[in-house]
Amino acid sequence: MNTSQKITVRTLHDYKSRGEKFLMLTAYDACTAHWAEAAGVPTILVGDSMGNTVLGYPNTLPVTLEESLLHTSAVRRGAPNAFVVGDMPFMSYQVSVEEAVRNAGRYLKECGADAVKLEGGRTMLPVIERLVTVGIPVVGHIGLLPQSVLKDGGYRLHGKADDEANALIADARALDAAGVCAMVLEGIPRELAATITCQVSAPTIGIAAGAGTDGQVQVIADLLGLNADGFTPRHAKRYAEVGETAIAAIRQYVSEVQSGIFPDEAHSAGAKAKS
Ligand code: KIV
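Residues numbered from 1 in each chain as written. Predicted model: local features only at pLDDT ≥ 70, side-chain atom pairs only at ≥ 80, totals over all residues. Heavy atoms only, no water.

## With respect to the site of the ligand
For step 1, the next point in the chain: Around the ligand, a shell composed of Thr26, Leu45, Gly47, Asp48, Ser49, Asp87, Lys117, His141, Val184, Glu186, Ile207 and Val219 is seen.
For step 2, the next point in the chain: Residue Asp48 places a side-chain N or O atom 2.9 Å away from an oxygen atom belonging to the ligand.
For step 3, the next point in the chain: In this structure, an oxygen atom belonging to the ligand sits 3.1 Å away from a side-chain N or O atom of Lys117.
For step 4, the next point in the chain: In isolation the ligand exposes 260 Å². Once the protein is present, 96% of that is buried.
For step 5, the next point in the chain: A per-class count over the shell around the ligand returns four nonpolar, four polar and four charged. (Near = heavy atom within 4 Å. Polar contact = N/O pair within 3.5 Å; in protein donor to acceptor, adjacent residues only side chain to side chain. Areas by Shrake-Rupley, 256 points an atom, 1.4 Å probe, with all protein chains shown as cover. Nonpolar A, V, L, I, M, F, W, Y, C, P; charged D, E, K, R; others polar.)

## What about unusual backbone geometry?
Trans is the common state for peptide bonds, and a negative phi is the common state for residues other than glycine.
For step 1, the next point in the chain: The step from Phe262 to Pro263 runs through a cis peptide bond, and the omega angle for that step is -5°.
For step 2, the next point in the chain: Along the chain, the position of Pro263 falls in the segment after helix H11 (242-259).
For step 3, the next point in the chain: Despite not being glycine, Met91 shows a phi value in the positive range, around 75°.
For step 4, the next point in the chain: In this structure, Ala208 takes a positive phi of about 55° despite not being glycine.
For step 5, the next point in the chain: Take Ala208: it is sitting in the loop between strand S7 (204-207) and strand S8 (215-218). (Helix = DSSP H or I, 4+ residues; strand = E, 2+ residues; numbered from the N terminus.)

## Quick notes on helix H2 (residues 30-38)
For step 1, the next point in the chain: Among the residues of H2, Thr32, Ala33, Ala36 and Glu37 are the ones counted as buried. In an axial view of H2, the angular spread of the buried residues amounts to 140°, which keeps them on one side of the axis.
For step 2, the next point in the chain: Residues of H2 that are buried in the fold lie against strand S1 (22-26), strand S2 (43-46), helix H4 (65-78) and helix H10 (220-224).
For step 3, the next point in the chain: The N-capping residue of H2, defined by a side-chain oxygen 3.2 Å from the backbone nitrogen of Cys31, is Asp29.
For step 4, the next point in the chain: Just downstream of H2 lies Gly40, where phi reads positive at about 90°. (Buried < 20%, exposed > 50% of the residue type's maximum accessible area, 1.4 Å probe, protein only. Arc of directions from axis to C-beta. Contact = heavy atoms within 4.5 Å.)

## What to know about the domain arrangement of the chain
In many reports, interface size means the accessible area that the parts give up when they come together.
For step 1, the next point in the chain: Structurally, the chain comprises domain 1 (9-238) and domain 2 (242-269).
For step 2, the next point in the chain: Of note, the centres of domain 1 and domain 2, computed from C-alpha atoms alone, are 39 Å apart. (Domains from an automatic or database assignment.)

## Side note on the pattern of salt bridges
For step 1, the next point in the chain: Inspection of the entire model under this criterion finds eleven salt bridges.
For step 2, the next point in the chain: Between Asp114 and Lys6 there is a salt bridge whose closest N-O contact spans 3.1 Å. Pair noted here: Asp114 is in the loop between helix H5 (97-111) and strand S4 (115-117) and Lys6 is in the segment before helix H1 (9-18), with a separation of 108 residues, a long-range link.
For step 3, the next point in the chain: Exposure remark for Asp114: the relative accessible area of 16% places this residue in the buried category.
For step 4, the next point in the chain: Between Glu241 and Arg238 there is a salt bridge whose closest N-O contact spans 2.7 Å.
For step 5, the next point in the chain: Residue Glu241 is classed as partly exposed on the basis of its relative accessible area, which comes to 34%.
For step 6, the next point in the chain: Each of Lys6, Arg76 and Asp114 takes part in one network of salt bridges that share partners. (Salt bridge = Lys/Arg side-chain N within 4 Å of Asp/Glu carboxyl O.)

## Thoughts on the nonpolar core
Inside soluble globular proteins, nonpolar side chains tend to come together where they are buried.
For step 1, the next point in the chain: In terms of nonpolar packing, the biggest core is built from 36 residues, with Val116, Leu118, Ile128, Leu131, Met183, Ile188 and Ile196 touching the most fellow members.
For step 2, the next point in the chain: When contributions to this core are tallied by element, the ones reaching two or more residues are H4, H5, helix H6 (125-134), strand S5 (138-143), helix H8 (162-178), strand S6 (182-186) and helix H9 (190-199).
For step 3, the next point in the chain: Residue contributions to this core peak at seven residues, all from H8.
For step 4, the next point in the chain: Residues within four places of Met183 in sequence aside, it is in contact with Val139, Gly140, Ile142, Ala172, Leu175, Asp176, Val200, Ala202, Pro203, Thr204 and Ile205.
For step 5, the next point in the chain: Grouped together as the second largest cluster of nonpolar side chains are 19 residues, Ala33, Ala36, Val84 and Ala221 included. (Core = buried A, V, L, I, M, F, W, Y, C linked by side-chain atoms within 4.5 Å.)

## Thoughts on the environment of Leu55
For step 1, the next point in the chain: Along the chain, the position of Leu55 falls in the loop between helix H3 (50-53) and H4.
For step 2, the next point in the chain: Note: C-alpha distance between Leu55 and Ile44 (eleven residues apart in sequence) is 18 Å.
For step 3, the next point in the chain: Setting aside residues up to four positions removed in sequence, Leu55 forms contacts with Met50, Glu67 and His71.

## Structural notes on the packing of H4 against H5
For step 1, the next point in the chain: The contact between H4 and H5 brings their axes to 10 Å, and the two run at 30°. Relative to H5, H4 is oriented roughly parallel. In this structure, the crossing between H4 and H5 has a hand that is right-handed. From H4, Leu65, Glu66, Ser68, Leu69, Thr72, Ser73 and Arg76 reach across to H5, where they touch Asn103, Arg106, Tyr107, Glu110 and Cys111.
For step 2, the next point in the chain: Per-class residue counts for the contact of H4 with H5 are four nonpolar, four polar and four charged. (Axes fitted to C-alpha atoms, helices over the stretch in contact; angles between N-to-C directions. Parallel < 35°, antiparallel > 145°, perpendicular 65-115°, else oblique. Left-handed = near helix turned anticlockwise from the far one by under 90°.)

Okay, structure coming up:
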């Protein structure tokens, strides 16, 4: 995909109208954001999955607004053309519409984000409608909602039963009517995700939702093998073992320092620069 030009909400809608599959990847810092953009990823989510993947929390709930803003700014600097989405953390948009607007606005004003994402269906409509009205692009997120892990007693597929599936279709249509610029469908049956995709004008972005969505999103730690605990969710495919490569390289550094191989003449201050 061409990331040499700025990706905007219009680009996302063009993907959908052309039937062109697109993708989103999470990133949390300038380096990984640069990798993603250089590899042709048009949309980057600064997911609150940073809680588990880089901040060492047990889930996404402890992530603070300040942490999320800091990482979103870094991603913006690393990927100037990507469509960067700041993922609003738990309790930064649920207390009141006013607080949600103030917090969401900080992603655009302070970080240069292109949109914010928040979890929830029709219950979140007052917030989403207000954000869209004041000019803040919103990415919706329905199905499995990681911020509700305590309420749900864990992570599970949503929308298997007819009543749950119908509720998700109603949520998707309501978010679409409210003007979201895209919506994440997480942890729902593939047929349901495909049905929703046909019924909404906003591009859908699936994770653990099959191949029938307009786009796909994955967590970069799962894709690259960066997880400290080696855990990979069933829906994710590992394309590399970067964590293992890093540990091997660091082990070699440790061993070379201990045995006196490093630093050698070529890597010492005052060494002649390579011509
Ligand atoms: O935080 C995150 O990474 C997400 C994706 C799983 C969609 O919300």
